[in-house]
Amino acid sequence: PMINPVIIKKENSYITEESCLSLEGFRQTKRYETIEVEYFDKNFKKQRNTFHGFVAQIIQHEMDHLEGIII
């Protein structure tokens, strides 16, 4: 789990289509190929990791939900 994640670095933006279990169909959205995220782990220890590709895209999608954004 990521508790209070914050994206602190983004690289290489691209446009993709995503779907969501909250909506029907696909929608275009902007994502980043590489992101660096700072967060607390399940033991409330601060972590900082870099994620790439599809994993980075999933993290960005889920973090949008934390901000009330549904694509």
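Check the entry above for the structure.
Scoring rules and cut-offs
Residues numbered from 1 in each chain as written. Predicted model: local features only at pLDDT ≥ 70, side-chain atom pairs only at ≥ 80, totals over all residues. Heavy atoms only, no water. Helix = DSSP H or I, 4+ residues; strand = E, 2+ residues; numbered from the N terminus. Contact = heavy atoms within 4.5 Å. Salt bridge = Lys/Arg side-chain N within 4 Å of Asp/Glu carboxyl O. Buried < 20%, exposed > 50% of the residue type's maximum accessible area, 1.4 Å probe, protein only. Pairing = 2+ DSSP bridges. Axes fitted to C-alpha atoms, helices over the stretch in contact; angles between N-to-C directions.

Draft legend 1. Examining the overall build of the protein more closely. A tally of helices and strands in the protein yields one helix and three strands. The secondary structure elements of the protein, listed N-terminal to C-terminal, are β-β-β-α. The dimensions of the protein, computed from C-alpha atoms along their principal axes, are 40 × 25 × 15 Å. Of all intrachain contacts in the protein linking residues separated by at least 6 positions in sequence, the fraction that spans at least 24 positions is 49%.

Draft legend 2. Here's a closer look at the pattern of salt bridges. Counted according to the given criterion, the structure contains six salt bridges. Close ionic contact of Asp-64 with Arg-31 constitutes a salt bridge, the shortest N to O distance being 2.9 Å. Here Asp-64 is found in helix 1 (residues 53–66), whereas its partner Arg-31 is found in strand 2 (residues 26–40), with 33 residues between them in sequence. Taking relative accessible area as the criterion, Asp-64 reaches 17% and is therefore assigned buried. For Arg-31, a relative accessible area of 2% translates into the label buried. The salt bridge involving Arg-48 is made with Glu-36; its shortest N-O contact spans 2.8 Å. With Arg-48 in strand 3 (residues 46–52) and Glu-36 in strand 2, the pair connects residues that are 12 residues apart, well separated along the chain.

Draft legend 3. Spotlight on the pairing of strand 3. As judged from the seven bridges shared by strand 2 and strand 3, these two strands associate in the antiparallel manner. The partner of Ile-35 across the bridge, within strand 3, is Phe-51.

Draft legend 4. Geometry of the sheet that holds strand 2. Ordered by their spatial adjacency, three strands build an open sheet running 1-2-3, and the pairing between neighbours is antiparallel. The open sheet terminates on both sides in strands that have one partner only, identified here as strand 1 (3–19) and strand 3. Neighbour-to-neighbour, the strand axes of the sheet open up by a mean angle of 30 degrees, direction not taken into account. Strand direction decides the pairing type here: strand 1 and strand 2, joined by 13 bridges, are antiparallel. Following the sheet pairing, Ser-19 is matched in strand 2 by Phe-26. In the packing of helix 1 onto the sheet, contacts are made with strand 1, strand 2 and strand 3, and the angle to strand 2 comes to roughly 90 degrees.

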